[in-house]
Number of protein chains: 2
Amino acid sequence: MNKNNCYCVIMAGGAGTRFWPVSRVAKPKQFLDVAETGKTFIRHTYDRFLKILPQENILIVTAEKYRDLVMEQIPELQSGNLLLEPYPRNTAPSTAYATYTLLKRNPDAHCVIMPADYIIDNEELFVETIHNAFDYIEQNDVLLTLGVAPTRPETNYGYAQVCGGRDALQSKLPVKVKTFTEKPDRDLAKVFLASGEFLWNAGILLWKVSTFRHEMEKHMPQVTGLFKGWEHALGTPVETDFLTKAFSDCMNISLAYGVMEKTDKAWIYPVTFDWQDVGTWESLYNYMAAIRDRNGNAISAGKVLSENTSDSLVIEPEKKKLIAISGLEDYIVIDTDDVLLICPKDDRKFKDFISQIGMPEYEKYR
Amino acid sequence: MNKNNCYCVIMAGGAGTRFWPVSRVAKPKQFLDVAETGKTFIRHTYDRFLKILPQENILIVTAEKYRDLVMEQIPELQSGNLLLEPYPRNTAPSTAYATYTLLKRNPDAHCVIMPADYIIDNEELFVETIHNAFDYIEQNDVLLTLGVAPTRPETNYGYAQVCGGRDALQSKLPVKVKTFTEKPDRDLAKVFLASGEFLWNAGILLWKVSTFRHEMEKHMPQVTGLFKGWEHALGTPVETDFLTKAFSDCMNISLAYGVMEKTDKAWIYPVTFDWQDVGTWESLYNYMAAIRDRNGNAISAGKVLSENTSDSLVIEPEKKKLIAISGLEDYIVIDTDDVLLICPKDDRKFKDFISQIGMPEYEKYR
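Residues numbered from 1 in each chain as written. Chains lettered and ligands numbered in written order. Predicted model: local features only at pLDDT ≥ 70, side-chain atom pairs only at ≥ 80, totals over all residues. Heavy atoms only, no water.

A. Local environment of the packing of helix H3 (residues 91-105) of chain B against helix H7 (residues 209-219) of chain B. All names here are of chain B. Axis separation between H3 and H7 bottoms out at 10 Å; the angle between their running directions is 135°. Classified by the interaxial angle, the pair formed by H3 and H7 is oblique. Crossing geometry of H3 relative to H7 is assigned as left-handed. Residues Thr 95, Ala 96, Thr 99, Tyr 100, Leu 102 and Leu 103 of H3 pack against Val 209, Ser 210, Phe 212, Arg 213, Met 216 and Glu 217 of H7. Of the residues contributing to the contact of H3 with H7, the split by class is seven nonpolar, three polar and two charged. (Axes fitted to C-alpha atoms, helices over the stretch in contact; angles between N-to-C directions. Helix = DSSP H or I, 4+ residues; strand = E, 2+ residues; numbered from the N terminus. Parallel < 35°, antiparallel > 145°, perpendicular 65-115°, else oblique. Left-handed = near helix turned anticlockwise from the far one by under 90°. Contact = heavy atoms within 4.5 Å. Nonpolar A, V, L, I, M, F, W, Y, C, P; charged D, E, K, R; others polar.)

B. Just the pairing of strand E6 (residues 143-148) of chain A, in detail. Residues and elements named next belong to chain A. Of all six residues that make up E6, six are buried, and the element is covered over most of its length. Pairing geometry for E6 and strand E10 (residues 266-271), over six bridges, is parallel. Across the sheet, Thr 145 pairs through a bridge with Ile 268, a residue of E10. (Buried < 20%, exposed > 50% of the residue type's maximum accessible area, 1.4 Å probe, protein only. Pairing = 2+ DSSP bridges.)

C. Representation of the packing of aromatic side chains within the structure. On inspection of all chains with the given rule, the structure shows 32 aromatic pairs over all chains. Measuring from ring centre to ring centre gives 6.2 Å for A:Tyr97 and A:Phe247, while their planes differ by 75°; the resulting arrangement is edge-to-face. One end of the pair, A:Tyr97, is in helix H3 (residues 91-105); the other, A:Phe247, is in helix H9 (residues 239-249), and 150 residues separate them in sequence. With relative accessibility at 1%, the residue A:Phe247 sits in the buried group. Relative to B:Phe227, the ring of B:Tyr100 has its centre 5.6 Å away and its plane inclined at 15°; by these criteria the two rings are stacked. With B:Tyr100 in helix H3 and B:Phe227 in the loop between helix H8 (221-224) and helix H9 (239-249), the pair connects residues that are 127 residues apart, well separated along the chain. Aromatic ring contacts, followed pair by pair, group A:Tyr97, A:Tyr100, A:Phe227, A:Trp230, A:Phe242 and A:Phe247 into a single cluster. (Phe/Tyr/Trp six-rings, centres within 6.5 Å; stacked < 30°, edge-to-face > 60°.)

D. Looking closely at the interface of chain B and chain A. Opposite the 31 residues of chain B that make contact, chain A presents 31 residues. Both faces combined, the contact of chain B with chain A buries some 2,600 Å², and carbon together with sulfur accounts for 61% of it. Looking at the side of chain B facing chain A, the largest losses of area belong to B:Leu322, B:Leu340 and B:Ile342, adding up to 23% of the total buried there. Notably, a salt bridge pairs B:Lys321 with A:Asp335, separated by 2.5 Å at the nearest N-O pair. (Buried area = accessible area lost by both parts, 1.4 Å probe. Salt bridge = Lys/Arg side-chain N within 4 Å of Asp/Glu carboxyl O.)

E. Representation of the relation of the copies chain B and chain A in the model. For the match of chain B to chain A, the screw axis carries a shift of 0.1 Å, the RMSD comes to 0.1 Å, and the turn is 180°. A rotation of that kind, with that shift, is consistent with a two-fold axis. Mapped onto chain A, 100% of the interface residues of chain B again fall at the interface, so both copies present the same surface. (Least-squares fit on C-alpha atoms with pLDDT ≥ 70 in both.)

F. Representation of the pattern of salt bridges. Under the counting rule described, the total for this entry stands at 33 salt bridges over all chains. Two residues, A:Lys319 and A:Glu36, come together in a salt bridge whose shortest N-O distance is 2.8 Å. Taken together, the residues A:Lys319 in the loop between strand E14 (313-315) and strand E15 (322-326) and A:Glu36 in the loop between strand E1 (6-11) and helix H1 (41-50) connect sequence positions 283 residues apart. For A:Lys319, a relative accessible area of 40% corresponds to the partly exposed category. B:Asp47 is the salt-bridge partner of B:Arg43, the closest N and O atoms lying 2.7 Å from each other. With B:Arg43 and B:Asp47 both in helix H1 (residues 41-50) and four residues apart, this pair spans about one turn of that helix. Connected via shared salt-bridge partners are A:Lys39, A:Arg43, A:Asp47 and A:Glu76.

G. Broad picture of the environment of A:Gly165. All names here are of chain A. Within the element layout of this structure, Gly 165 appears in helix H5 (residues 165-168). Since its relative accessible area comes to 10%, Gly 165 is described here as buried. Separated by 200 residues in the primary sequence, Gly 165 and Tyr 365 place their C-alpha atoms 47 Å from one another.

H. Structural view of the environment of B:Arg105. All names here are of chain B. You can see Arg 105 is positioned in helix H3. In sequence terms Arg 105 and Gln 170 are 65 residues apart; their C-alpha atoms lie 39 Å from each other. What Arg 105 contacts, discounting residues up to four positions off in sequence, is Tyr 7, Glu 56, Leu 59, Gly 80 and Asn 81. Separated by 3.2 Å, the side chain of Arg 105 and the backbone oxygen of Gly 80 make a polar contact. (Polar contact = N/O pair within 3.5 Å; in protein donor to acceptor, adjacent residues only side chain to side chain.)

See below:
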């Protein structure tokens, strides 16, 4: 790979509140360290790519309201590498914005699109994999997504079925994608897992930017049409005015739905680094296996004293309180400055409860 | 009764932490409004006696460290009516201090000793009863305690057995006390209840102060000896020096043990006003019957949203948080600035848990 032509676009605009009440619209997951690693997700992501690319080739796309949160985490980020969206319009418009910006800067740009909120524990292997993936797209005009061999019938991930079935995955080389399926139900996920033809779609994407432009203009002209003819504005003082209009008019559409599921250039690269998209309290609890106490409690709080309490997740982000718990099994207890949540740990029960809390009370605390 | 000779001594020195983590050594129960009445216990107590006595005849005995908490609650209290104990030595030394102070002020003083932390819901009947009790001690040289007919085998109260058995209680007039028993176990409490010979000892005491002085000097000379000969110091600038020495040397002894269980002048007056010494979270929950929600939850918090949650007590004293609870039955949830407690509501389980929390972690938050 030619490092000078390679870029990373970190997608950090999500307003996810799945880690409510720790994550809020005002401070979503990517700006937190819910897994107790010592760094926020976005800082981990940025640091990982510093090992691969020149700093000036790492861009961050986020919402205008998260500007300060990004700069707090990445104070060294050059202002030209911070792409701010005036309105949230999902991943396809963000990627279009980054695409036209990169092409204006370097018509030979190659890039990796990287969500800001992944956990990747085997960094050396990750770095090596990204190098290989860049080499692959240098040689092949494809939209390459990274795929992870599934180990359980996970219902919170997306899946990709490969052409050629289970045999095609033997080579460990990129394979053409046959179908994408977002978050299947448990039964379908079991079928996928058993078939051996599916990979988890990690949502880490690489391509020549010119190749992607061609595909997106072909498959979602209603989005790209808002940018075409306006490339001259990008990176200039009139950019903000242009973006306000373009994002205001733009539809809300994901990159998966807008391009990846429609293009015939989608390929998937089976990777083996340790990737996790920890997106629920229960999955965070599972991830924290190594630091659980002898009763199976995963704890991040000032001080926890417990009895008859097991398999529970206790989070007090400020780490200033004494949490005294007796008699809870399989619960989550999250104590923030303005919300206390006590709920069974099971993802479905949590989700059901949150949906029942309902508006407008919950809205005030989102 | 001659109002000018009648005094009230409010006992407000207790450092009870039974409502931990809301009550602390630094702010015990009498300075709180855990029952959500709109006033602290001590303010209720003071206001009740304003209906009976001239303001200048109401005194408060408390620990030196609670001076500011008392003045915050009773800003109109004259400084001469605030008796400050330099060290906590239980109720007998407090009462001795108040006794010598009152006798110096008025040798014909009659007084009622009143704990600061009772709940009394029928105030008119209370006022009438205190009037009658003052009349009774005017005519009779006795140490009179008020007694409440027990309605359950309560193990957190003291009991008094009357001379003459169940028949003696028919008259509704004061009766001589045969025995006092502090906090019996459940089986003994059941026997007391069934016998019809026992009353709950409410610990509200009335006497001619000179009569009480005679009894206390007879039964606990080791305490009163520290005061005798020093009456001239009380209420003067040298009082503090004297008290520091006297309380430093004094034993820790309760009024019940030091005098009431030993004197042959103990009488009890069966009263019918609604008295409760709410001293545990479970009893507070029981007291809050009228304001429980349809699932039996007693709540005092900013906002509580719950599902599958019943018969629980939720207290967030600052009333600023959203408390979202799913799946708790018969629990207490207490969320203060520096402590979160989640525990089964049962008194014994709470007590066991608190004792297991142990030192030194718990000490820091007492």
